[in-house]
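As a plain string of letters, each chain reads:
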Amino acid sequence: MSTLSDPVNLSAPRGADAGLTPKQLADKYGLSVSGKRPSLPKYIRQLWARRAFISSFATARLVAQYTTAKLGQLWQVLTPLLNCAVFYLVFGVIMKSRDGVPVYIAWLCVGVFVFQFSQSAIQAGTRSISDNLGLIRALHFPRAALPIAFTVIQLQQLLISMVVLVAIVLANDIKPAMTWLLIVPALVLQSLFNTGLAMVMARVGAKTSDISQLMPFLLRTWMYVSGVMYSVSGYIKSWPTIWQTVYSWNPATVYMDLMRYAFMPDSFDKAKYPGGYDAAGHQLPTALNLPHHIWIMAGTWAIVAFVIGFVFFWKSEEEYGRG
Amino acid sequence: MADAAIDTLKETTAVDNQARVPTVVADDVHIIYKVHGAGAGKGSATSALSRMITRKKSPAIREVHAVRGISFTAYKGEAVGLIGSNGSGKSTMLAAIAGLLPTARGAIYTNGQPSLLGVNAALMNDLTGERNVVLGCLAMGMSPAQVRERYQSIVDFSGINEKGDFISLPMRTYSSGMGARLRFSIAAAKTHDVLLIDEALATGDQGFQQRSKARINELRKEAGTVFLVSHDNNAIRETCERTIWIEHGELIMDGHTDEVVRRYEKGERP
Ligand SMILES: Nc1ncnc2c1ncn2[C@@H]1O[C@H](COP(=O)(O)OP(=O)(O)OP(=O)(O)O)[C@@H](O)[C@H]1O
Ligand SMILES: [Mg+2]
C-alpha cells in the first residue's frame, strides 16, 4: 500500500475555519438542525406561499376520486342524494319523524349535507398524513397543507351538493329569501371549524393508525345525538336548563341550525307552525327554534377549533413522515 | 496510481487555505430504530388483549442501532457518494439528513431544506403525470407562473412522452423506470441546497442516466450539494469526486472517490 493513501480529510474545515468543531462550523454558517420545526410565524408564511398547491391539490384529488367509477363525477351528487333517500325512508316515513318538522325533506337534506361536510372533513383529515407518506417524504412543504387541502376538497364537494340542495328546497315550495345570503358566512365558519378538527385528527391519525378504525363509530354517535334526521328539541325539553345550554353548544347542531335558518326562515316562524295536534290526533309541525347568540356560538367554535387545531398540528411538524 | 494520488494531493493543497461553505454537518450521529412488537405477534387479538390486561407496555421493543457515530462535513458544490453493503445504514443516514428520522445522539445541521429522492418515493400514483409535475412543483414552493414556464422542460427532460402521450396517464400505469425518471425530473427542476438521491436513478436507462448526471453536475454548479447512494460503482465514479464508505453504521472511509471505491471493491478496510 502506498503511504500517500492515508486519506486527505475532506471533511475538515479549511482556511479561516480550520480547527472549528462541527457545532461551531454549523453556527458560523447559520446551519440549523435538520428537520427542525419552523417558528409559528414562519410556518404561516410558508403555508401561505403554498396556497396554489393547496387549491390545485384539492381540485386534482376531487377529480381523481371517481375516475375509476363508471358514472364518474355523477357520484358526487348521487352519494348525498342516496344518503338523504335512505334517511328519509327510515327516519321520515317509518319512524314518523317528519310529522313534527316543517318541510321535513328540506330540513333533512340540509342537515345531512352539513353534517356530512364535517364528518368527511374529519375522516379525510385523519388519513391525510398517513395516506400521503410518499409525498411527504419526497417533497418539502408545510404539512398542514394536507389536512387543509382535504378540507377544501370536502368544501368543494359540499358546494356541488348545494346545487342539488337548492333544487330540493325550491321543489318544496320554499322561495329564495334574503336569508340565503347567510349561507356564505355560515359555510366560512363551518369550514374553519372543520379545518381545525381535520388538523387535530391528522396529527392523531399520523401517530396511531387505530384511530381510523374508531372514527366511524365516534362520528356516527355524534350524528345520532345531533339531530340530523329527527328533531332533538322534543327530547331535551325536560332536561335541566344547564344541560340544555350545554347541548345547544353542540357545533354540529349550531352549524345545521344556521344553514336551516338560512335556507328556510319560514320554518322558524311560530305563527306559521304552532305545533300541537289536529282533530284526528296527528302531530302538527312545530316551528324550529334558533338559539340566541347562535352566530357567537358558530364563530367561537370556528376560531377555537381552528387556532387550537393549527397549533396542535404545528407542534408535531417535524415528526410527520417519520417511522 | 501513486502519481494520481500525488496529483489530487497537490490539487487539494492548492485550495487548502480557502474556507468553504458547509451545507451538511453530521456531528457524531447515532440513529436507533425502535421496532415495536418484534417477535410476539402484535396483530393477534389475544396478544393485544393480554397486553391490555397485564398493562405491560408493548412487548419487546427491539432497538436497531442503524448508525453509530458518523461524522462528516459536506460543502457547497460537492457531490458525495455513499457506498456500503446492504443494511449498512446508507438510506438511514440520508433520511436523517432529510430530517425524516430523529437522531438518538449527536446532530445533523443543514443549510436550507434537503430533498430526498428514494427508490419508491411515490408521489401521487392515482394522478396523471401532468398533475404530478404541476403539484410537485407547487409543493416545492414554485409559483403557478414558474410552473407553467418550466412545465415543458420538465416533461422533455423526463422523456416520458418519447414513446407516446404518457404524461396524461395516471402515474400508477408507469413502469418503475418511467416513474423514477419523472420523479427525478420534478425534483431536479428546482435548485436545491441539498439533494439526496437514494438509488433513485438506478432504474433509469442509459440515456436518462447520462442526462441526470449532467443535471446533477449543474445542480452542483448552482452551489448545491448532492448525495448519491448507489450500488453501481461506476455511476459513483462518474458523478462524485468524494465518497463515504459506511459499514455497519460506522464510517469506514471518507475520501476521494477513486481511492475509496478502489478499496471498497477490494474489500480493503483502512
Ligand atoms: N424501518 C426500520 N425499522 C427498523 N430497522 C430498520 C428500518 N429501516 C432500516 N433498518 C435497519 O437499519 C439498518 C440500516 O438499513 P438501511 O436501510 O439504512 O441500509 P442501506 O445501507 O440503505 O442498505 P441497502 O443498500 O440495502 O439499501 C439495517 O440493519 C436495517 O435492518
Ligand atoms: Mg437503502
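Residues numbered from 1 in each chain as written. Chains lettered and ligands numbered in written order. Predicted model: local features only at pLDDT ≥ 70, side-chain atom pairs only at ≥ 80, totals over all residues. Heavy atoms only, no water.

**Q** Help me understand the sheet that holds strand 9 (residues 250-256) of chain B in this model?
**A** Across a sheet, paired strands are connected by hydrogen bonds in the backbone, their directions being either parallel or antiparallel. Residue and element names in this part refer to chain B. Ordered in space as 5-6-7-3-8-9, the six strands form an open sheet in which the pairing is mixed. Pairing within the sheet leaves two strands with one partner each, and these edge strands are strand 5 (115-117) and strand 9. Strand-to-strand twist in this sheet, taken as the mean axis angle between neighbours without regard to direction, amounts to 20 degrees. Strand direction decides the pairing type here: strand 3 (residues 79-83) and strand 7 (residues 225-229), joined by four bridges, are parallel. Note that in strand 7 the partner of Leu82 across the bridge is Val229. (Pairing = 2+ DSSP bridges. Helix = DSSP H or I, 4+ residues; strand = E, 2+ residues; numbered from the N terminus. Axes fitted to C-alpha atoms, helices over the stretch in contact; angles between N-to-C directions.)

**Q** Where do I start with unusual backbone geometry in this structure?
**A** It is generally the case that most residues other than glycine have a negative phi and that most peptide bonds are trans. Residue and element names in this part refer to chain A. Here Val103, not a glycine, exhibits a phi torsion of approximately 45 degrees, which is positive. On the secondary structure map, Val103 appears in the loop between helix 4 (75-94) and helix 5 (104-128). One non-glycine residue with positive phi stands out, namely Asp173, at about 65 degrees. Relative to the helices and strands, Asp173 resides in the loop between helix 7 (145-171) and helix 8 (183-207). Assessed through its relative accessible area of 63%, Asp173 is described here as exposed. (Buried < 20%, exposed > 50% of the residue type's maximum accessible area, 1.4 Å probe, protein only.)

**Q** Mind showing me how you'd approach the sheet that holds strand 1 (residues 32-33) of chain A here?
**A** If you walk across this open sheet you meet the four strands as 1(A)-4(B)-1(B)-2(B), and the pairing is antiparallel. Sheet topology places strand 1 of chain A together with strand 2 (62-75) of chain B at the edges, where each strand pairs with a single neighbour. The sheet contact formed by strand 1 of chain A and strand 4 (residues 105-110) of chain B spans two bridges and is antiparallel. Looking at the pairing, Val33 of chain A lines up with Tyr109 of chain B of strand 4 of chain B.

**Q** Explain the interface of chain A and chain B to me, please; I cannot follow it from the model alone.
**A** Note on interface size: it is often stated as the accessible area lost on association of the parts. Taken residue by residue, the interface counts 43 residues in chain A and 58 residues in chain B. Summing both sides of the interface, chain A and chain B together bury roughly 4400 Å²; the carbon and sulfur share of this comes to 64%. Ranking the residues of chain A by area buried against chain B places Leu10, Arg14 and His140 of chain A at the top, with a combined share of 16%. At the junction of chain A with chain B, the criterion picks out one salt bridge. The partner of Arg61 of chain A in a salt bridge is Asp126 of chain B, with the nearest N and O atoms 3.0 Å apart. It is helix 3 (residues 51-65) of chain A that provides the largest number of residues to the side of chain A that touches chain B, a total of seven residues. Here the residues of the side of chain A that touches chain B sort into 24 nonpolar, eleven polar and eight charged. (Contact = heavy atoms within 4.5 Å. Buried area = accessible area lost by both parts, 1.4 Å probe. Salt bridge = Lys/Arg side-chain N within 4 Å of Asp/Glu carboxyl O. Nonpolar A, V, L, I, M, F, W, Y, C, P; charged D, E, K, R; others polar.)

**Q** What should I look at first to understand the packing of helix 7 of chain A against helix 8 of chain A in this one?
**A** Helix-helix packing: each pair is described by the crossing angle between the helix axes and the interaxial distance. All names here are of chain A. The contact between helix 7 and helix 8 brings their axes to 9 Å, and the two run at 145 degrees. Crossing geometry of helix 7 relative to helix 8 is assigned as right-handed. Where helix 7 approaches helix 8, its residues Pro147, Ile148, Thr151, Leu155, Leu158, Leu159 and Met162 are matched on the opposing element by Ile183, Leu187, Ser191, Asn194, Thr195, Ala198, Met199 and Ala202. Among the residues forming the contact of helix 7 with helix 8, the class breakdown is eleven nonpolar, four polar and no charged. (Left-handed = near helix turned anticlockwise from the far one by under 90°.)

**Q** Is there a simple way to think about the nonpolar core in this case?
**A** A general feature of soluble globular proteins is that nonpolar side chains tend to end up buried together. Met162, Ile183, Met229, Met259 and Phe263 of chain A are the most contacted members of the largest nonpolar core, which totals 57 residues. At the level of elements, helix 4, helix 5, helix 7, helix 8, helix 9 (211-225), helix 12 (251-263) and helix 13 (294-314) of chain A are the ones that each hand at least two residues to this core. Setting aside chain neighbours within four positions, we find Met229 of chain A in contact with Phe87, Phe91, Ser97, Tyr104, Trp107, Leu108, Met223 and Tyr224 of chain A. Counting residues in hydrophobic clusters, the runner-up holds 52 residues, among them Phe53, Ala124 and Phe150 of chain A together with Val133 of chain B. (Core = buried A, V, L, I, M, F, W, Y, C linked by side-chain atoms within 4.5 Å.)

**Q** What is the right way to look at helix 7 (residues 206-221) of chain B in this model?
**A** Spacing of three or four residues puts side chains on the same side of an α-helix, whose turn is 3.6 residues. Residues and elements named next belong to chain B. Here helix 7 contains 16 residues, and its C-alpha end-to-end distance of 23 Å stays within 8% of the 22 Å for a straight helix at 1.5 Å per residue. Taken as a whole, helix 7 has its buried residues at Phe208, Gln209, Ser212, Lys213, Arg215, Ile216, Leu219 and Arg220. The buried residues of helix 7 occupy one face: seen down the axis, they fall within an arc of 165 degrees. More than 90 degrees from the buried face of helix 7, the exposed residues found are Gln206 and Lys221. Check the buried side of helix 7 and you find it contacts strand 3, helix 5 (144-158), helix 6 (176-188), strand 6 (194-198), strand 7 and helix 8 (233-239). Of the residues trailing helix 7, Ala223 is marked for its positive phi of about 65 degrees. (Expected span 1.5 Å × (residues − 1). Arc of directions from axis to C-beta.)

**Q** Looking at this structure, how should I read the side chain of Arg20 of chain B?
**A** Within the secondary structure, Arg20 of chain B sits in the loop between helix 1 (2-14) and strand 1 (22-35). Using a relative accessible area of 18% as the deciding quantity, one classes Arg20 of chain B as buried. A distance of 3.1 Å separates a polar atom in the side chain of Arg20 of chain B from the backbone oxygen of Leu10 of chain A. The contact partners of Arg20 of chain B, leaving out residues within four places of it in the chain, are Leu10, Ala12, Arg14, Asp17 and Tyr29 of chain A together with Tyr75 and Glu78 of chain B. (Polar contact = N/O pair within 3.5 Å; in protein donor to acceptor, adjacent residues only side chain to side chain.)

**Q** Quick question: what am I supposed to make of the pattern of salt bridges here?
**A** Opposite charge on two side chains permits pairing when their charged atoms draw close. Residue and element names in this part refer to chain B. Summed over the entire model, instances satisfying the criterion amount to 19 salt bridges over all chains. Across the pair Glu162 and Arg181 runs a salt bridge, and its minimum N-O distance is 3.8 Å. One end of the pair, Glu162, is in the loop between helix 5 and helix 6; the other, Arg181, is in helix 6, with 19 residues separating them in the sequence. Residue classification places Glu162 among the exposed positions, given a relative accessible area of 54%. Take Arg181: its relative accessible area is 8%, and that puts it in the buried class. Notably, a salt bridge pairs Arg220 with Glu241, separated by 3.1 Å at the nearest N-O pair. With a gap of 21 residues between them, Arg220 in helix 7 and Glu241 in the loop between helix 8 and strand 8 (242-247) connect regions that are remote in the sequence. Taking the relative accessible area as the measure of exposure, Arg220 reaches 18% and is therefore buried. Connected through shared salt-bridge partners, Arg20, Glu78, Arg242 and Asp254 make up one network.

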